[in-house]
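One letter stands for each residue in the lines below.
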There are 2 protein chains.
Amino acid sequence: MISSAKKEVQITVAQCVAMGMKHVVVSPGSRNAPMIIALNQHPEIETIVIPDERSAAFYALGMAQQLNAPVGILCTSGSAALNYYPAIAEAFYQLVPLIVFTADRPKSWVNQGDGQTIDQDQVFKNHIRYSITIPESTAENFEWVLSRELSTAFHHANGNVKGPVHINLPFSEPLYQQAEATVTETDFKIIEVLEPNNSLSNSQKQKLEKIWSQSNKKMIICGQLNPDIALLTELKALAADPSVAILVENTSNLVDFGFIHCIDRTLNSIQKEEIEAFSPDLLITIGGAVVSKRIKTFLRNANINHHWKIGFDFLFMDTYQSMTQSIPVKPSEFIHEITHFKRESDSTFGARWKQKDFLIQEKAQDFFQQNKAYGDLTVFHTVLDYIPETSHLHMANSSVVRYCQLFDPIRSIQYWCNRGTSGIDGSTSTAAGAALIKSETWHTLITGDVSFFYDSNALWNKVLPPNLRIFMINNAGGGIFKIIPGPNTTNELDDFFVFKHDFSAEHICKGFKVDYFKAENIESIESQMEEFYTFEEDGRAKLMEIFTPSELNHEQLDAFFKEIRL
Amino acid sequence: MISSAKKEVQITVAQCVAMGMKHVVVSPGSRNAPMIIALNQHPEIETIVIPDERSAAFYALGMAQQLNAPVGILCTSGSAALNYYPAIAEAFYQLVPLIVFTADRPKSWVNQGDGQTIDQDQVFKNHIRYSITIPESTAENFEWVLSRELSTAFHHANGNVKGPVHINLPFSEPLYQQAEATVTETDFKIIEVLEPNNSLSNSQKQKLEKIWSQSNKKMIICGQLNPDIALLTELKALAADPSVAILVENTSNLVDFGFIHCIDRTLNSIQKEEIEAFSPDLLITIGGAVVSKRIKTFLRNANINHHWKIGFDFLFMDTYQSMTQSIPVKPSEFIHEITHFKRESDSTFGARWKQKDFLIQEKAQDFFQQNKAYGDLTVFHTVLDYIPETSHLHMANSSVVRYCQLFDPIRSIQYWCNRGTSGIDGSTSTAAGAALIKSETWHTLITGDVSFFYDSNALWNKVLPPNLRIFMINNAGGGIFKIIPGPNTTNELDDFFVFKHDFSAEHICKGFKVDYFKAENIESIESQMEEFYTFEEDGRAKLMEIFTPSELNHEQLDAFFKEIRL
């Protein structure tokens, strides 16, 4: 096998492969040539090329989410690395194992007036799990240090708490020299951390059991989660207990008849005098970000006696200002424990929530049967109906993910959204990266016009996969700003908040060889669906731009919330 | 005057205006609403809206360069801020006063699971001159702290050493409340730093004079500089001394018959046995980055006895590994001192350089008269001929800025290039920002296909100015990688280094309402020039895409360097 002539590169690549990294997204450059050569020639590494580093890092994020395994990104030195930062922050909060390789000039040349040389040490400091600059290969104990540091980095990327790590690689010239790879598994030394299985002691369990059995109003909220069948099974069992309300969002990928799926829709119907009856005294939270702002406000104002946060990450993230116990154990195992707790309460707290949810579900169905007006809401209703079964749905941030929360989730579909930082900067790239990896199923992205244009470089590459479909809902600006209260009271509404415009995605699609579909009413959306979801092995992604009347969207949403109120 | 109801916002904006900030590039958002309202309503502030923060920051960079004054950028909280980082690093190394305003959630909510909340404190630490998080308005001595900190930030942005500063603004809800502005100049307190005029003592001067008069081979190299007539005048006077060689690049904006302008072209002709005769014993450097890699290598290998670095910034930036004195005084004043130093040497070191330069200049002219083959080099020769007089030329990084260095600079033209980090990420946005501010002259950007696509969001806005012209030389990939030695010895050449592609800018231009011109030979370039440079008051930028044969460019450049060798 040919590789870079640099020994440290051969070791780095061989050890990363041995530690489970099989995919690297590469952005072209020169300083990173040694790694490019070594990665591309390695038979166990799949490389894909994305020229814009901002997009490249989001591709890798999407890939790592699907693989549930570390994915590398590699760029040249200088500001290239800084373009990785938005996706790194997203991976940090969303706990995605991104291995960030940045080529660097030799450290002695930093701030000495050489081109593409910045201070890369610790440059992602606020949002990275671990950072190393590989010492130059002349340093004392070089190979031991390199292997040990790579072991450390992978532990921080892919241990119990996952996330991005930064491996900075200073390279001296020559950069392009190649040689037969001589590294074998004995040339590096992987230090494994045997992460123990966390389980609570009996006295800890007894303490929790006492609280559980004495609480009448028990609520479990699940935020963003990868699909987890064990957890789903446990929660379904628990849902049989009428004192327990289980609230999930579509990004939790937990669907069951016994859960409350559309939190905002249900909260919308809770009257002032009912607040106390619907507020939990024991709150249990699982998973990452929760989209609903309403539930956050609702719970921050509630009198919660106990809040248990389950999971390994961000132990002190006290989203509802009520945390009493942070419990770093596996969620499915913890819920399993709970199902064996004594049930003393005869409360119907959960049943009360569920009942309200049922009634509103019916009301919502009625609403869509009676309201055929064309707007964002009815477009979502239509589009969601056509998402293929057992496929993946990627939701862009801002209005899209919020609209999607208003509809009951589809059981066979996996839901994804960048809720770590909730940025609009990489939705398309993340969806495309996911589609690349899970090429056997459809991936659908629903995005808005602002998110789409922001990340249009997601299309600027040669790997855009044929199983990706993009619905771009063009309401001529950031629709969210017409929905949230506040912006419309200012003179700045159209220019500074909405960014009202009349650009279309049509030309960008043409430029990047993406089949373009256009729709301006429900009929044209529906009539094109069959062709839109036709698969072409050698094709690229397809995009349907759906123009909606920006003036009416707000009214339609208001009417919906008004009519489904009980 | 209406403003945000938040007192700290009123003070911040009023004080920044009083300290000289009149322009702010705003990216839409919600958390930044208080600043948006206050800035937009302020009669002395001009706001422009650019939705992609990465592009927005480069627009501001271009504006600040032209204004030679602080320019603000403002974004919402979360990953939006991280998209500013590439331009911030560029401003840091290029010494551009960028005032970076990032809205933030209240500090108590960082890492607590709220949307669009990251750890913004010190997030640009490696490449920022000063960072503050404005304390919340309930803090002790709030107004005193705020005013003092803003004074400090502006000193670091716009003092003797200029650069980017970060002002992080945590805002609690409500965000959109407005009120009549009540802040007057007595509500804040500006602390001025009276920066003393740095001048050398007599004994320091005597020491330098002694070295100067004893040095036979004196070389002055000017890197990137804003146009500086005082410095030009002094250098012209000094150029009359035949012992002094003055080397400049077009980015130094210093043009004179007495200077060597095309460093690489001249170095190319220095034979091995001449190296000693052409190497300086005293080197004086002025200004920022130098593009020529050849001169760096040449000087790092030379026996330099003394190297004086003139200027306030990066006092220990020892680019040629020979620095003996760092002299933080104004370059024009220092050169003025030198012109009064005793001239003891009868060396003709400078004349020797100049003579070689003359001869090569003629050879180069002959080359272009004899070689009419179509390729990147002849395209540059043609295009540069058509740049309007007294206008601005913006050069993208990578091959473009290097090609442009091969041609004698045009006296009436100002040359710009992002040589701080030499990134490809913001060339178009920077040029557009410059054109926005200096709307009375033409601004021309020459860029390559990779740089252009990378920063295509420079066109995604409503302010793209009508006095901007873009030549996009499309050689189907990163042409630089076919020119530098190394990549062509690998299997990765086309995919990983060049990023060979067949995308065109035509559709992107259409999508963003930019008039598109296409050329595939010298005749079609020339025949369209008149129409291309037709000004339309209400128009937007125009772009000419020039397709060149990627296979031949390398050969043409080789032939050029071979034929102009003496």
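So, here's what we can say about the structure. Remember, it's a predicted structure, so these values are computed and weren't measured experimentally.

A few words on the sheet that holds strand S6 (residues 130-133) of chain A. Residue and element names in this part refer to chain A. Spatial ordering of the open sheet is given by S3-S2-S4-S5-S7-S6, a layout of six strands whose pairing is parallel. What marks the edges here is a single partner per strand, and that holds for strand S3 (46-49) and S6. The mean angle between the axes of side-by-side strands here comes to 20°, regardless of whether they run parallel or antiparallel. Of the pairings in the sheet, the one linking strand S5 (residues 98-104) to strand S7 (residues 165-170) comprises six bridges and is parallel in character. Residue pairing in the sheet places Phe101 in a bridge with Ile167 of S7.

In this structure the tally under the stated criterion is 61 aromatic pairs over all chains. Centre to centre, the rings of Trp442 of chain A and Phe535 of chain A are 5.9 Å apart; their planes meet at 80°, and the pair counts as edge-to-face. With Trp442 of chain A in the loop between helix H16 (427-437) and strand S16 (443-448) and Phe535 of chain A in the loop between helix H21 (522-532) and strand S19 (542-547), the pair connects residues that are 93 residues apart, well separated along the chain. By relative accessible area, Trp442 of chain A is classed as buried at 18%. What makes Phe535 of chain A partly exposed here is its relative accessible area of 38%. Ring geometry for Tyr93 of chain B versus Phe314 of chain B: centroids 5.7 Å apart, planes at 15°, classification stacked. Placement of Tyr93 of chain B in helix H5 (residues 85-94) and of Phe314 of chain B in the loop between strand S12 (306-310) and strand S13 (325-327) is noted, with a sequence separation of 221 residues between them. Given a relative accessible area of 11%, Tyr93 of chain B falls into the buried group. The structure contains a cluster of three or more aromatic residues connected by ring pairs, namely Phe452, Phe453, Tyr454, Phe499 and Phe503 of chain A together with Trp460 and Phe512 of chain B. Against the face of Phe499 of chain B rests Lys462 of chain A, its NZ or CZ located 4.9 Å from the ring centre.

A word on the sheet that holds strand S14 (residues 392-395) of chain B. Hydrogen bonding along the main chain pairs the strands of a sheet, whether they run parallel or antiparallel. Residue and element names in this part refer to chain B. One open sheet holds the six strands; their spatial order is S15-S14-S16-S17-S19-S18, and the pairing between them is parallel. Pairing within the sheet leaves two strands with one partner each, and these edge strands are strand S15 (414-417) and strand S18 (515-519). On average, each strand axis in the sheet is tilted by 20° relative to the strand beside it, whichever way the strands run. Relative to strand S19 (residues 542-547), S18 runs parallel, the two being bridged by five bridges. Across the sheet, the residue bridging to Lys518 is Glu545, located in S19. Sheet strands in contact with helix H16 (residues 427-437) are S14, strand S16 (443-448) and strand S17 (468-474), and its direction is about 180° off that of S16.

Here is what the cut-offs are and how they apply
Sequence order as written defines the numbering, with residues in each chain counted from 1. Ligands are numbered from 1 and chains lettered from A, in the order in which they are written. Two thresholds apply to this predicted model, a pLDDT of at least 70 for residue-level local features and 80 or more for giving and counting side-chain atom pairs, whereas whole-chain, interface and lining totals are computed over all residues. To obtain the side-chain values, all non-hydrogen atoms of the structure were included, while hydrogens and water were left out. Whether two strands pair depends on DSSP finding at least two bridges between them. Numbering of helices and strands runs from the N terminus, with a helix taken as a DSSP run of H or I at least four residues long and a strand as a DSSP run of E at least two residues long. Only the stretch in contact is used when fitting a helix axis, every axis being a line fitted to C-alpha atoms; angles between N-to-C directions are given from 0 to 180 degrees. Two rings belonging to Phe, Tyr or Trp (six-membered ring only in the last case) form a pair when the distance between their centres is within 6.5 Å. Interplanar angles under 30 degrees mark stacking, angles over 60 mark edge-to-face geometry, and anything in between is tilted. Exposure classes here rest on a 1.4 Å probe applied to the protein chains alone. A residue is buried below 20% of its type maximum, exposed above 50%, and partly exposed in between. Only lysine NZ and arginine CZ atoms are considered, and such an atom sits over a ring when it is within 6 Å of the ring centre and within 35 degrees of the ring normal. We call two residues contacting when some pair of their heavy atoms lies within 4.5 Å.

Honestly, it's all geometry; don't read function into it.
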